[in-house]
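# Inside the fold
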Amino acid sequence: MNQSMWALRLHERGGPERLAYEQAPRPYLGTGDALVRVHAASFTPTELTWEPTWVDHAGHDRRPVIPAHEVSGVVEALGYGAIGVAVGEAVYGLTDWHRDGAAAEYVAVEARNLASKPPSLSHVEAAAVPLAGLTAWQALFDHGGLVAGQEVLIHGAGGGVGVFAIQLARGAGAEVIGTGRAWAREVVGALDAARFIDVESERFEDVVGRVDLVFDLVGGEARERSWSVLKPGGVLVSVVEDPNESAQARRIDARGIFFVVEAYRGELVELAKRVEAGQLQPIVGEVLPLARGHDAFHRKHAGGIRGKAVLQVDDT
Ligand SMILES: NC(=O)c1ccc[n+]([C@@H]2O[C@H](COP(=O)([O-])OP(=O)(O)OC[C@H]3O[C@@H](n4cnc5c(N)ncnc54)[C@H](OP(=O)(O)O)[C@@H]3O)[C@@H](O)[C@H]2O)c1
């Protein structure tokens, strides 16, 4: 068997300019791992700045590294103790940030981080779901405690995570207001958000009343200014930076939460059910072949891409 594969790798720390499309060794299977033949992979625009991209769980430098931790593909082999998926099964999931990702022909993934691919989705569509879908789910429900009848403000609503957050919040019976740059109006409107705020022409504090939950996908000033639109007892969930509860937050007894997304098979299964029920649709704004991964990272960084950018690895 050929023991090498095509992959996108970085040999030095840096941004997308360091990505090389080259031959790399196929991954070894560890205990509990599944070897997945990758059909499509996706990534988060900021992941090359995250420490786990560069070090293993023990903190050791693990360069050269393969990015992109969302995968859709077919299980090729199972390691000792891998359960819950079968050889030949089409799967999707989120791979460990401290290990090589899915911008390659093969990836070794803990089998518990995979679930059956939603059958109605292509591999390209399915690769757009795991990170964004799980992050939105965990922010709204696990951390934000969103329930029917509440109102949520989503900053960065037209991006990778935002488009899932809108759909999941609407599906749960919440009212949704989304912010974004002008280009995002169309995508947010098409997802049935109650309102879109164009941050290039409006200040959200001037048009939003008081909401139960703010989901921050932008950080910085937008996050800081968000305390003023929370109801007493409201929650500000950010996945960009720690919300540091301010004096204003304490006055209204609001809570700030930061978290890092976790791969849960149970939540991947729930996301797949909603896809199959027609309640959740991934938005793929850009598809490029693996060999052009460098361009995909650059273009997503430049901004203006609806939903996710996906790397197509194998279109069979
Ligand atoms: N902690 C975690 O576990 C976790 C998990 C997933 C994501 N994240 C982080 O969450 C953030 C969003 O991820 P993503 O994949 O959704 O990224 P994305 O696809 O780039 O989405 C972010 C969106 O926000 C828009 N935006 C930029 N500035 C804005 C502003 N001031 N007000 C409103 N919207 C603005 C962007 O528009 P343009 O494209 O025009 O710039 C883009 O549409 C990233 O920082 C990512 O690292 C963290």
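Each chain has its residues counted from 1, running along the sequence as written. Local features in a predicted model are, by the rule used here, given only for residues with pLDDT of at least 70; side-chain atom pairs are given and counted only at 80 or more, and totals for whole chains, interfaces and linings are based on all residues. Hydrogens and water are ignored here; the side-chain numbers use all heavy atoms of the structure.

## Some words on helix α8 (residues 265–276)
End to end, α8 covers 16 Å across 12 residues, agreeing with the expected 16 Å (1.5 Å per residue, within 8%). In this scheme, a residue with accessible area under 20% of its type's maximum is buried, one over 50% is exposed, and one in between is partly exposed, where area comes from a 1.4 Å probe on protein chains only. Each helix is a run of H or I in the DSSP string that is no shorter than four residues. Each strand is a run of E no shorter than two, and both are numbered from the N terminus. Every buried residue of α8 is listed here: Glu267, Leu268, Leu271, Ala272 and Val275. Mapping the buried residues of α8 onto a view down its axis gives an arc of 145°, with all of them on the same face. Against the buried residues of α8 lie β5 (90–94), β7 (114–116), α2 (130–143) and α3 (160–171). Gly278 sits one or two residues past α8 and shows a positive phi near 80°. Residue count minus one, scaled by 1.5 Å, sets the expected span of a helix. The arc in question is formed by the directions pointing from the helix axis toward the C-beta atoms. Whether two residues touch is decided by their heavy atoms; if any such pair falls within 4.5 Å, the residues are in contact.

## Points about the sheet that holds strand β11 (residues 211–216)
Two strands pair if DSSP finds at least two bridges between them. In spatial order, the strands read β10-β9-β8-β11-β12-β13; together these 6 strands make up an open sheet with parallel pairing. Both outer strands of the open sheet, β10 (195–198) and β13 (255–258), are each paired with one neighbouring strand and no more. The sheet shows a mean angle of 15° between the axes of neighbouring strands, direction not considered. Direction of pairing for strand β8 (residues 151–155) relative to β11: parallel, over a ladder of 4 bridges. Here an angle of 0 to 180 degrees is reported between the N-to-C directions of two axes, which are lines fitted to C-alpha atoms, with helices fitted over the stretch in contact.

## Observations concerning α3
Over its 12 residues, α3 extends 18 Å from the first C-alpha to the last, a length consistent with the 16 Å expected when each residue adds 1.5 Å. For α3, a buried count of 10 out of 12 residues is recorded, marking the element as mostly surrounded by other parts of the structure. Those residues of α3 not exposed but buried are Gly160, Val161, Gly162, Val163, Phe164, Ala165, Ile166, Gln167, Leu168 and Ala169. Phi turns positive, to about 85°, at Gly173, one or two residues after α3.

## Considerations on the environment of Gly293
Turning to its location among the elements, Gly293 is positioned in helix α9 (residues 293–302). Put simply, Gly293 and Leu311 are 18 residues apart on the chain and 6.5 Å apart in space, counted from C-alpha to C-alpha. When near neighbours in sequence (up to four residues on either side) are disregarded, Gly293 contacts Leu8, Leu19 and Leu311.

## Some words on the domain arrangement of the protein
Where the parts come together, the accessible area they lose is often given as the size of the interface. Assigned domains within the protein: domain 1 (4–129 + 283–312) and domain 2 (132–258). Throughout the structure description, domain borders are defined by an automatic or database domain assignment. Relative to domain 2, the C-alpha centre of domain 1 lies at a distance of 28 Å. Taken residue by residue, the interface counts 11 residues in domain 1 and 11 residues in domain 2. Defined here as a combined quantity, buried area equals the accessible surface (1.4 Å probe) lost by two parts on assembly, summed across both. Each partner contributes to the roughly 750 Å² buried at the junction of domain 1 and domain 2, and carbon and sulfur atoms together form 71% of this total. For this document, the term salt bridge refers to a Lys or Arg side-chain nitrogen within 4 Å of an Asp or Glu carboxyl oxygen. Viewed at the interface, domain 2 and domain 1 are joined by 0 salt bridges. Whenever two N or O atoms come within 3.5 Å, that pair is a polar contact, provided that in protein one can donate a hydrogen and the other can accept it, and provided that, for residues adjacent in sequence, both atoms are side-chain atoms. If you look at where domain 1 meets domain 2, you find 4 residue pairs in polar contact (both at pLDDT 80 or more).

## Section: the environment of His39
Relative to the assigned elements, His39 resides in strand β3 (residues 33–42). Overall, the relative accessible area of 7% leaves His39 in the buried class. Taking the C-alpha atoms as reference points, His39 and Leu19, 20 residues apart in sequence, are found 19 Å from one another.

## Considerations on the pairing of β3
Most of β3 is tucked away, with 9 of its 10 residues classed as buried. Sheet analysis places β3 next to strand β6 (residues 106–110), joined by 5 bridges and oriented antiparallel. Bridging across to β6, Arg37 finds its partner in Tyr106. In this sheet, strand β4 (residues 70–78) lies alongside β3 in antiparallel orientation, the contact comprising 8 bridges. Pairing of Ala34 across the sheet is with Leu78, part of β4. By the bridge criterion, 3 bridges tie β3 to strand β15 (residues 308–312) in an arrangement that is antiparallel. Bridge assignment links Ala41 to a residue of β15, and that residue is Leu311.

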